[in-house]
Amino acid sequence: MRRREGGRRGSRPLGRPDRMSGPEAGLEFCPEHDGAMPKIDIRNVRSFIVGVDREVPDAFGRRVPYVNLDNAATTPPLLPVLDCSRRFYEWYASVHRGTGFKSLLSTHVYEKCREVVAAFVGADLQHHTLIFTPNATHALNKLASRFAGCPDGAIVTTTMEHHSNLLPWRRLGGRILYANIRAADGSLDLEDLESKIRSVSGRLRLVTVTAGSNVTGAMPPIRRIARLAHAHGALIAVDATQIVAHRPFSLGAPDDPARVDFAVFSGHKMYAPFGSGVLVGPRRFFEEGAPDAVGGGTANSVTLDEVLWAEPPEKEEAGTPNVPGAVALASAVRTLQAIGMESIAEHERALTRRALERLSKIPGLRLYGSLDPTLAEDRLGIISMTAAALDHAKLAAALGYEWGIGVRNGCFCAQPYVRILLNLSDEETKAIAERLAAGDHVTVPGFVRASFGVYNTEDEVDVLCEAVRKLLSDGPRQRYVFDAVQGAFVPERPAFRIEDYAPI
């Protein structure tokens, strides 16, 4: 097998215009086309969120306003995203190599979306390539496959990572070192990270770290870590999934020692729940070798004996791409830019300060991560907690069924980090693993997590704090039993059936 040499974007169809004209060109069917979307006042953001005023049934047969504080898992869609997507569907067709107008337009739109998303994270498409993937987990697996085949190499990561930035690297066969965290506040131990990096200097290939924890909201100093990685001859990959919708984020110039080499993120955490993710990195890194997934769209020429691979990003996007997902992501990016990333950051800092100040005063409640409300700019709007008098699963259930508050409980696909924060011994960790293997999900320790988005309000923070205070002082008003089918606690006598509200 050999790669086609020379040229760029070799699979572009003949006759495809560089710039289409007319009222439907690019993202012109969307109100925010060409970056011309009017500035959105942060105080009016809720009017741009789908379902924000939806009432839900509670455990007492009432309808109550839904307070969504589960944004670290998935954000609700933005109205401009749905509007842009609906308009695009009228023109949707297969991309690349099609000669019909809709195919030409869809191809142009797809590549325009790549440019919009790349610009959002400071990627230079002369140097970088931006690959659309189904989600960030898929992107990290794709990136990991590029580091396979070097058993003498080493990778340094941290114990605060999401499983998606832990498990793919274990499959490579090389040495993996895990930098520790400080259990007191959940922050990364930078001295230990540097020690780990120095210990494998000369063999180190990659440092991979989250830009924002989905458990504590801790934000490691990415630029400092990048300089350290590059000083020891390694590249740096950043899981930007939790940060791109909440803080300004940029890769940096290709020659900057503090640059980020690779970044991954997901649309569903950016108010674009249409199954799109991103892997961005240096184009040269993806030019050599075969892609991790092969098939349609990945090759320029195929015989029974030989394959000539396409250039990136086409060679890395096997099969028919998720064009509507790319459109949704690009539309979300433009809407976030219209709000302003600094405005979003300051709004969410204010919510976090308010929540920390009020929750820290509730007897019997323990918070994790940095707890100083005046330093809320040092953490994302993610707050994990445990209660002495109430199991995390029952507390989360009561918040949902009795108060209409959507939170999440458990270990959030970051089990090593959570167990360190809970100060569990090796024996306790082993016992937990055995219980999980036996199907016991009831007695496993974990947290309740509340996480904020751009549309959440101070009133919603106050509702959360009052609900937690009442539940810990007076106890739940319902009796909860474990439902093995749902894998969660539910009221013993439910007042509604979920299936009655399902659209299909």
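Residues numbered from 1 in each chain as written. Predicted model: local features only at pLDDT ≥ 70, side-chain atom pairs only at ≥ 80, totals over all residues. Heavy atoms only, no water.

A few words on the overall build of the protein chain. Each helix and strand counted, the protein chain has 13 helices and 22 strands in total. Relative to its length of 504 residues, the protein chain is compact, with a C-alpha radius of gyration of 24 Å against a globular reference of 23 Å. Across the 504 residues that make up the protein chain, the buried fraction comes to 54%. Sequence-distant contacts in the protein chain: of pairs separated by 6 or more residues, those separated by 24 or more amount to 73%. Once the 59 positive and 60 negative side-chain charges of the protein chain are each reduced to a mean point, those two points are 1 Å apart. (Helix = DSSP H or I, 4+ residues; strand = E, 2+ residues; numbered from the N terminus. Rg over C-alpha atoms; globule rule 2.2 N^0.38 Å. Buried < 20%, exposed > 50% of the residue type's maximum accessible area, 1.4 Å probe, protein only. Contact = heavy atoms within 4.5 Å. Lys, Arg positive; Asp, Glu negative; His and termini not counted. Charge placed at Lys NZ, Arg CZ, Asp CG, Glu CD.)

Turning next to the sheet that holds strand 16 (residues 365-368). Overall, antiparallel pairing links the four strands, which are arranged 16-17-20-19 in an open sheet. A strand with exactly one partner marks an edge of an open sheet, and here the two such strands are strand 16 and strand 19 (408-410). Averaged over all neighbouring strand pairs, the angle between strand axes comes to 30°, with direction disregarded. Here strand 19 pairs with strand 20 (residues 447-451) via three bridges, running antiparallel. Bridge assignment links N409 to a residue of strand 20, and that residue is V448. Along the sheet, helix 9 (residues 341-359) contacts strand 16 and strand 17 (382-387); its crossing angle with strand 17, the most-contacted strand, is approximately 15°. (Pairing = 2+ DSSP bridges. Axes fitted to C-alpha atoms, helices over the stretch in contact; angles between N-to-C directions.)

Next up on the list: the pattern of salt bridges. Pairing is possible between side chains that carry opposite charge, provided their charged atoms lie close to one another. In total, this model carries 31 salt bridges according to the counting rule given. Where R469 meets E466, a salt bridge forms, and the shortest distance between an N and an O atom there is 2.8 Å. Within this pair, R469 and its partner E466 are both found in helix 13 (residues 458-474), separated by three residues, close to a single helical turn. Look at R469 and you get partly exposed, because its relative accessible area is 38%. (Salt bridge = Lys/Arg side-chain N within 4 Å of Asp/Glu carboxyl O.)

Next up on the list: the pairing of strand 13 (residues 277-282). Along strand 13, six of the six residues are buried, which leaves the element largely enclosed by surrounding structure. Here strand 5 (residues 128-133) runs beside strand 13; their pairing, made up of six bridges, is antiparallel. Each bridged residue has a counterpart across the sheet, and for L130 the counterpart in strand 13 is V280. In this structure, strand 12 (residues 262-266) lies alongside strand 13, joined through four bridges in antiparallel fashion.

Scored by pLDDT, the protein chain has a mean of 91; 92% of the residues are at 70 or more. Across residues 1-25, confidence stays below pLDDT 50; counting only partners more than four residues off in sequence or on other chains, it has 55 contacts. (pLDDT = per-residue confidence, 0-100.)

What the rule picks out here adds up to 15 aromatic pairs. Between Y110 and F132, the ring centres sit 5.4 Å apart and the planes meet at 40°, which makes this aromatic pair tilted. Residue Y110 is found in helix 2 (residues 101-120), and its partner F132 is found in strand 5; the two are separated by 22 residues along the sequence. Residue classification places Y110 among the buried residues on the basis of a relative accessible area of 1%. Relative to F489, the ring of F482 has its centre 5.5 Å away and its plane inclined at 75°; by these criteria the two rings are edge-to-face. On the basis of relative accessible area, F489 is assigned to the buried category, the value being 9%. (Phe/Tyr/Trp six-rings, centres within 6.5 Å; stacked < 30°, edge-to-face > 60°.)

Buried residues of helix 3 (residues 136-145): A136, A139, L140, K142, L143 and A144, and no others. Considering only its buried residues, helix 3 is in contact with strand 5, helix 4 (167-170), strand 11 (235-239), strand 12, strand 13 and helix 7 (283-287). Here helix 3 starts with a cap whose side-chain oxygen sits 3.2 Å from the backbone nitrogen of T137, and that cap is N135. (Polar contact = N/O pair within 3.5 Å; in protein donor to acceptor, adjacent residues only side chain to side chain.)

In this section: the nonpolar core. With 87 residues, the main nonpolar core has V117, F132, F249 and M270 as its most contacted residues. Element by element, the count of residues in this core is highest for helix 8 (residues 323-339), at 11 residues. With near-sequence residues (within four places) excluded, M270 lies in contact with T75, F120, V244, A245, F265, L329, A332, V333 and L336. Counting residues in hydrophobic clusters, the runner-up holds 37 residues, among them A355, I383, Y401 and V448. (Core = buried A, V, L, I, M, F, W, Y, C linked by side-chain atoms within 4.5 Å.)

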